[in-house]
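Per-entry structural report
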Amino acid sequence: MSSGKPAVRLALLGCGTVGSEVVRLLHDQAGDLTARIGAPLELVGIAVRRLGRERGNLPVDPALFTTDALGLVKRDDVDVVIEVVGGIEPARSWLTEALRTGKSVVTANKALLAEDGATLHDAAAEGGADLYYEASVAGAIPLLRPLRESLHGDRVTRVTGIVNGTTNFILSSMDASGAGFGEALDEATELGYAEADPTADVEGFDAAAKAAILASLAFHTRVTAADVFREGMTAVTAADVASAKEMGCTIKLLCLAERGADSSGHESVSVRVHPAMIPRSHPLASVGDAFNAVFVEAEAAGQLMFYGRGAGGTPTASAVLGDIVAAARNRLSGTRAPSESAYAHLPIRPIGEAMTRYHISLDVADRQGVLATVAGVFAKHEVSIATVRQSGRDEDATLVIVTHGAPDANLAATVEDLRSLDIVRSIASVLRVEGGA
């Protein structure tokens, strides 16, 4: 299909799992893409680490491959630079060069955006260029553009999400089968959901980067990964999952971003990633397997749910293609995407001021006065107990305590004081409880 207009020329940086799918989609949907944009898309170069590597018979001229990514970015015949390499450097240098020289950028690089998105946004402003990054969070789920554009007339108050498919698969498997963390991780690895080194996923680094991007958009404030409180889920046990079931809950690794008052009454932002119990009635509780979902709460729009496949080559490439279409249309019409909105400049509220609830499992000596002593520690730190369950026999007992809402600092201080009691033999687990359970 010929539009009569000159092609919008694309440079692709990276041709791995996602990049290969981008190439295939550009080829397979060429006619439809031309019709949607009003001009054809032309791939003029692909930067890779190694030439000659087997790439599954991609429908592309081998002459397009190069190892000189920066040289490709600097070419005068490039309109849009697509980056799916990942990492901080050299990706940051490539993209800032593209943006400062007026080239549109489409990236899936959550790590770079979360660590130094400010540099990219500043470069885009300097060059009058578009910066799109829908694929950086939750794969094919259309999430960032609604936050960036559709909800721009509203006030978002809270974003709660499951944004890592690997950890969600592991926790869903533990919930369904009663397996321990190690067994569920092995299953995830065998099925290809977990990397050989799953640290970024199970320790929450991946989710923290995505949480920073979501919070930045939702609250019009620059938030970096360093601002996000992060706690991994490797300590979650089969006993924790069973205890959650008894409470009518399930455990998920959540990202939580909230806008509210700090201890001085000033408006601020809290962003955290950690495992938490949520009621099975919560919309996120039924999100299983390796799916992602994000629950957004806004003053006028109310509650919104975004759900779908959050990772994988094809879903992520779908989001990349959507951004390419938007960038190409803008270039043809001489318009720009919405620029960064960071006018609020809200301070980051420390984790100690976050209001939450705790589920605490204690192994204690089973003798008179134990419960009163434990309750006294909670009272000392102004933490109210919601429920207590006790089990055990002979000289040992287990206390499972769920608190009412309190500042995280008070709850953490309570746990530390409990550790010092001679009647407390061990603290088996501490988990936060979210969602009004």
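Quantities reported herein were computed from a predicted structural model and do not represent experimental measurements. (Residues numbered from 1 in each chain as written. Predicted model: local features only at pLDDT ≥ 70, side-chain atom pairs only at ≥ 80, totals over all residues. Heavy atoms only, no water.)

1. Details of the packing of aromatic side chains
For the coordinates displayed, the defined rule picks out two aromatic pairs. Residues F169 and Y193 carry aromatic rings whose centres are separated by 4.6 Å and whose planes lie at 40° to one another, so their mutual orientation is tilted. Taken together, the residues span a long stretch of sequence, with F169 in helix α7 (residues 165-177) and Y193 in the loop between α8 (181-190) and α9 (199-202) at a distance of 24 residues. Measuring from centroid to centroid gives 5.2 Å for F291 and Y307, while their planes differ by 5°, and the two rings are stacked. Taken together, the residues span a long stretch of sequence, with F291 in strand β11 (residues 291-298) and Y307 in strand β12 (residues 302-309) at a distance of 16 residues. Judged by relative accessible area, which is 18%, F291 ranks as buried. Here R230 stacks its cationic end above the ring of F205, 3.8 Å away from the centre of that ring. (Phe/Tyr/Trp six-rings, centres within 6.5 Å; stacked < 30°, edge-to-face > 60°. Helix = DSSP H or I, 4+ residues; strand = E, 2+ residues; numbered from the N terminus. Buried < 20%, exposed > 50% of the residue type's maximum accessible area, 1.4 Å probe, protein only. Lys NZ or Arg CZ within 6 Å of the ring centre and 35° of its normal.)

2. Some thoughts on the side chain of D323
Here D323 lies in helix α12 (residues 313-333). According to the relative accessible area criterion, D323 is buried, its value standing at 1%. Ignoring anything within four residues of it in the chain, the contact list for D323 reads V106, Y132, Y133, E134, A135 and R145. (Contact = heavy atoms within 4.5 Å.)

3. Here's the deal with the side chain of S20
Tracing the backbone through its elements, the reader meets S20 in helix α1 (residues 17-28). The exposure class assigned to S20 is buried, which follows from its relative accessible area of 10%. From its side chain, S20 meets the backbone oxygen of C15 in a polar contact 3.2 Å long. The residues touching S20, leaving out its near neighbours within four places in the chain, are C15 and L58. (Polar contact = N/O pair within 3.5 Å; in protein donor to acceptor, adjacent residues only side chain to side chain.)

4. Topic: the pattern of salt bridges
Summed over the entire model, instances satisfying the criterion amount to 30 salt bridges. With a shortest N-O distance of 2.9 Å, E267 and R259 are connected by a salt bridge. Note on R259: relative accessible area 16%, which makes it buried. R425 is paired through a salt bridge with D396; the nearest N and O atoms lie 2.0 Å apart. Residue R425 is located in strand β17 (residues 424-433), and its partner D396 is located in strand β15 (residues 396-403); the two are separated by 29 residues in the primary sequence. Overall, R425 belongs to the partly exposed group, its relative accessible area being 46%. The partly exposed category is assigned to D396, whose relative accessible area is 44%. Where salt bridges share partners, they join R158, E258, R272, E297 and E434 into one cluster. (Salt bridge = Lys/Arg side-chain N within 4 Å of Asp/Glu carboxyl O.)

5. Overview of the nonpolar core
Within the largest apolar cluster, 80 residues are counted, with the highest numbers of intra-cluster contacts made by L13, L143, L147, V156, I170 and L214. Non-local contacts of V156, meaning those with residues more than four positions away in its chain, are made with L147, L151, A218, F219, R259, V296, E297 and A298. Grouped together as the second largest cluster of nonpolar side chains are 34 residues, L25, L58, F65 and A328 included. (Core = buried A, V, L, I, M, F, W, Y, C linked by side-chain atoms within 4.5 Å.)

6. A look at the environment of E258
Checked against the element boundaries, E258 lands in strand β9 (residues 249-261). When near neighbours in sequence (up to four residues on either side) are disregarded, E258 contacts T157, R158, F219, S268, V269, S270, R272 and R349.

7. Some details on α12
For α12, with 21 residues, the first-to-last C-alpha span of 30 Å sits near the 30 Å given by 1.5 Å per residue. The positive-phi residue at the C-terminal boundary of α12 is G334, with phi of around 75°. (Expected span 1.5 Å × (residues − 1).)

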